[in-house]
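# Report on the structure
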Amino acid sequence: MQNNLTDCFGHPKGLFLLFGTEMWERFSYYAMRALLVLYLVDQVRAEGGGLGWAHASALRLYGTFTMLVYVTPLIGGWLADNWLGQRTAILAGAVLMALGQFCLALPHHWFASPLPAFYSGLALLVLGNGLFKPNISTMVGDLYSATDTRRDSAFTVFYLGINAGMFLAGIAVGITIDAFGYQQNGELVRNYQAGFLLAGVGMLLALLLQLSLAKPMLGSIGTEPAARKARRLQPQHSAALTKTEIDRLKVLLIMGLFTIIFWAGFEQAGGLMNIYADRFTDRSVGNWQINPTYFQSLNPLFILIFAPLMAVLWLKLGKAEPNSPLKFALGLLLLGIGFLFMVGASLQYSADTKASLWWLVFAYLFFTLGELCLSPIGLALVCRLAPLRVVSLLMGAWYLFLAAANKLAGLIGALLDTGDTDNEQQMVTNALAIFSGFSLTAILAAILLYLLADKLVYWMHGKA
């Protein structure tokens, strides 16, 4: 940590630059994510309309795309550790992602087929994200010394930046696609390209923040590749892993497997639950029809409300604070409870009665509380347990667990489709089975992790 760069509200000033950069990058990503499945299944093929895909095909592509978003950080982390340094990797990633969003924003009528621009945009987003994601998270950890107790709190603050961007994205992109849409046969055609353009602007803002403020607020942090830095600071250190390091890596592996269960359920938000909100939920509030993308802002809204409270709670508990495995177990339990609300929504639905929007509100609330117990703690755990010489690489490896979870989420979500999009009752029955399965699995996983907690803490060797 560079002491001359501190302090602001008890944390290094650089934390708030990384907060702002991540906020606008997440705004960009989640604006696109909120639209992706809706864009794919929308049957209107005119300008601004969708691609008219089947629900199963759309959800499988969604799962593949989000899987790749979490695979490429392994490559990006290695490049940053060995060649680029974290700062250069972040800048290159931001440029690629901005280009990707602008490819998605290209109007359909410019091409004989919109698919080449569409796939090019997704490819650029995947590549750029691989350079950006692991390295900005690692830089948060680099702001603090190995013994600094503020690190968990810092990742929770950083998580606020992520979710401020997510909250703005769901609302702003929903307003944009409606405001720039048009009427056809008495129905509003959403302008998805306008939404993708808005996402590209958000990515440019993240890039500008890094270009203008990184040097004064971060100093030399992130400029030197981590492997080179490790060789300089520990020139006699063997490349082989020690017994302690192997034990800590075992903890990361086991916690990562439980992370797959959590995120496979949580990531239904952008796929299955997005379709559920659009087709099977009563979104009327008086005379106003809520855009389904607005539900994507519930999770970040709840995080903005509860993350500061959670950060204070961990500090107030002091020595009574639960260790990392117990926090993970609590997160899984809360996810399981959240899916019980979606079970309630599916049981309420009938041919004459759509599900109340409050089922989704409470589901997202419990998903969020679970996320706050698991996600920022997981990032902090990687920084705490990973050997310095491979920290960005292992941050990328941690995202492989999320990659597996996202692919699994897409495959499971695709079970919603019956092949007959007019058979809504059967689709809801399928959704009920999916929600019930996730609830049971998450609760059982929480119990198992609770039983394993003491052994995992022992393997952490004082870094729980």
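Residues numbered from 1 in each chain as written. Predicted model: local features only at pLDDT ≥ 70, side-chain atom pairs only at ≥ 80, totals over all residues. Heavy atoms only, no water.

### Focus: the overall build of the chain
In terms of regular secondary structure, the chain is built from 14 helices and 8 strands. In terms of overall dimensions, the chain is globule-like: its C-alpha atoms have a radius of gyration of 22 Å, near the 23 Å expected for 464 residues. Dimensions along the principal axes, computed over C-alpha positions, put the chain at roughly 70 × 50 × 40 Å. Looking at the chain residue by residue over its 464 residues, the buried ones come to 57%. Relative to all contacts within the chain whose residues are 6 or more apart in sequence, the contacts with residues 24 or more apart total 83%. Per element, the accessible surface of the chain, about 18300 Å² overall, is 67% carbon and sulfur. The positive charge centre, built from 29 side chains, and the negative charge centre, built from 25, are 13 Å apart in the chain. (Helix = DSSP H or I, 4+ residues; strand = E, 2+ residues; numbered from the N terminus. Rg over C-alpha atoms; globule rule 2.2 N^0.38 Å. Buried < 20%, exposed > 50% of the residue type's maximum accessible area, 1.4 Å probe, protein only. Contact = heavy atoms within 4.5 Å. Areas by Shrake-Rupley, 256 points an atom, 1.4 Å probe, with all protein chains shown as cover. Lys, Arg positive; Asp, Glu negative; His and termini not counted. Charge placed at Lys NZ, Arg CZ, Asp CG, Glu CD.)

### Side note on the pattern of salt bridges
Applying the stated criterion across every chain, the model contains 10 salt bridges. Across the pair Arg 33 and Glu 267 runs a salt bridge whose closest N-O atoms are separated by 2.8 Å. Placement of Arg 33 in helix α1 (residues 13–41) and of Glu 267 in the loop between α8 (243–266) and α9 (272–279) is noted, with a sequence separation of 234 residues between them. Neither residue differs from the other here; Arg 33 and Glu 267 are each classed as buried. Between Glu 321 and Lys 327 there is a salt bridge, with the nearest N and O atoms lying 2.3 Å from each other. (Salt bridge = Lys/Arg side-chain N within 4 Å of Asp/Glu carboxyl O.)

### Looking at the confidence of the model for the chain
Of the residues in the chain, 92% reach a pLDDT of 70 or more, and the chain-wide mean stands at 87. The least confident element of the chain, judged by mean pLDDT, is strand β1 (residues 6–8) at 62; the most confident is helix α3 (residues 86–104) at 97. (pLDDT = per-residue confidence, 0-100.)

### Comments concerning helix α4 (residues 115–142)
A rise of 1.5 Å per residue sets the reference length of α4, with its 28 residues, at 40 Å; its end C-alpha atoms lie 41 Å apart and thus fit the reference within 8%. The element α4 is extensively covered by neighbouring structure, given that 20 of its 28 residues are classed as buried. (Expected span 1.5 Å × (residues − 1).)

### Structural notes on the nonpolar core
Residues Phe 65, Phe 118, Tyr 276, Tyr 364 and Phe 435 are the most contacted members of the largest nonpolar core, which totals 142 residues. Broken down by element, this core gets its largest block of residues, 18 residues, from helix α12 (residues 357–385). Apart from the residues within four sequence positions on either side, Tyr 364 is in contact with Ala 269, Met 273, Phe 295, Gln 296, Leu 298, Asn 299 and Phe 302. (Core = buried A, V, L, I, M, F, W, Y, C linked by side-chain atoms within 4.5 Å.)

### Here's the deal with the environment of Leu 385
Mapped onto the elements, Leu 385 comes out in helix α12. For Leu 385, a relative accessible area of 3% translates into the label buried. Counting along the chain gives 134 residues from Leu 385 to Val 251, while the straight-line C-alpha distance between them is 8.6 Å. Here Leu 385 is in contact with Arg 248, Val 251, Leu 252, Met 460 and Lys 463, once residues within four sequence places are set aside.

### Some remarks on the environment of Leu 456
Of note, Leu 456 is situated in helix α14 (residues 424–460). Residue classification places Leu 456 among the buried residues on the basis of a relative accessible area of 2%. A C-alpha to C-alpha distance of 12 Å links Leu 456 and Ile 246, two positions 210 residues apart in sequence.

### Let's talk about the environment of Met 203
If you trace the backbone, Met 203 turns up in helix α6 (residues 192–218). Distance in space between the C-alpha atoms of Met 203 and Gln 101 is 8.3 Å, their sequence separation being 102 residues. With near-sequence residues (within four places) excluded, Met 203 lies in contact with Trp 24, Glu 25, Ser 28, Ala 94, Met 97, Ala 98 and Phe 132.

### Points about the packing of aromatic side chains
Counting across every chain of the model gives 25 aromatic pairs. Across the ring face of Trp 459, the terminal group of Lys 250 is positioned such that the distance to the ring centre comes to 4.3 Å. (Phe/Tyr/Trp six-rings, centres within 6.5 Å; stacked < 30°, edge-to-face > 60°. Lys NZ or Arg CZ within 6 Å of the ring centre and 35° of its normal.)

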